[in-house]
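The chain contents come next:
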Amino acid sequence: MTTGSCLCGAVRFAIDIELRPAVACHCSQCRKQSGHFWVSTEVERDRLTIEGEDQLTWYRASAKVRRGFCKVCGSFLFWEPLRGKRVAVAMGALDSPTETQLAQHIFTADKGDYYEIHDGLPQNRQ
């Protein structure tokens, strides 16, 4: 069981399966919402239990996805397709140990011009 929470603790969650390898998203939306690039792991929605869901706000970021954050402290916690059975969970919100690793970078064509990626992991430009 992996657990996590927002910064203030108003939203807590638990994941009851082994975590998939993490993905770093460098798209402009993730960078703007998180303040840098955003790293997440994807889980089936029915394997995610959320406590304090009344403190969770969803922002419809596009016609296809919404982004969940704590309405008290603003922590960006979830990215969820409107159609689908999986949700991306912020790695930074998870309690340690996560027992997973970063596997790849996505949307690197959109990354900020103020940093380089030199970790040797696969990079998907889209």
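So, here is what we can say about the structure in this document. Predicted, not measured: the structure shown is a model, and the values here were computed from it.

**Quick notes on the overall build of the protein**
Logical step 1: In terms of regular secondary structure, the protein is built from one helix and 11 strands.
Logical step 2: The helix and strand sequence of the protein, counted from the amino end, reads β-β-β-α-β-β-β-β-β-β-β-β.
Logical step 3: Compactness check: the protein gives a C-alpha radius of gyration of 14 Å against a globular reference of 14 Å for 126 residues, within 12% of the reference.
Logical step 4: Surface accessibility of the protein: about 7,400 Å² in total, with carbon and sulfur atoms responsible for 47%.

**Considering the nonpolar core**
Logical step 1: Counting residues in each nonpolar core, the largest one holds 26 residues, and the members touching the most others are Phe-13, Ile-15, Leu-48, Leu-77, Phe-78 and Val-89.
Logical step 2: Secondary-structure elements contributing two or more residues to this core are β2 (12-15), β3 (22-25), β4 (38-44), β5 (48-51), β8 (76-81) and β9 (86-90).
Logical step 3: Among the elements that make up this core, the one with the highest residue count is β9 (four residues).
Logical step 4: Excluding residues within four positions of it along the chain, Phe-13 makes contact with Thr-2, Thr-3, Gly-4, Ser-5, Leu-48, Thr-49, Ile-50, Leu-77, Phe-78, Val-89, Ala-93 and Leu-94.

**Points about the packing of aromatic side chains**
Any two aromatic rings considered together are summarised by their centre-to-centre distance and by the angle between their planes.
Logical step 1: Evaluated as defined, the whole model comprises five aromatic pairs.
Logical step 2: Ring centres of Tyr-114 and Tyr-115 lie 4.9 Å apart, and the angle between their planes is 65°; this geometry places the pair in the edge-to-face category.
Logical step 3: Site record: aromatic cluster; members linked through ring pairs are Phe-13, Trp-58 and Phe-78.
Logical step 4: The ring of Trp-58 has Arg-66 lying over it, and the distance from NZ or CZ to the ring centre is 3.7 Å.
Logical step 5: The positively charged end of Lys-111 is found above the aromatic ring belonging to Tyr-115, 4.7 Å away from the centroid.

The rules behind each value
- Residues numbered from 1 in each chain as written.
- Predicted model: local features only at pLDDT ≥ 70, side-chain atom pairs only at ≥ 80, totals over all residues.
- Heavy atoms only, no water.
- Helix = DSSP H or I, 4+ residues; strand = E, 2+ residues; numbered from the N terminus.
- Rg over C-alpha atoms; globule rule 2.2 N^0.38 Å.
- Areas by Shrake-Rupley, 256 points an atom, 1.4 Å probe, with all protein chains shown as cover.
- Core = buried A, V, L, I, M, F, W, Y, C linked by side-chain atoms within 4.5 Å.
- Buried < 20%, exposed > 50% of the residue type's maximum accessible area, 1.4 Å probe, protein only.
- Contact = heavy atoms within 4.5 Å.
- Phe/Tyr/Trp six-rings, centres within 6.5 Å; stacked < 30°, edge-to-face > 60°.
- Lys NZ or Arg CZ within 6 Å of the ring centre and 35° of its normal.

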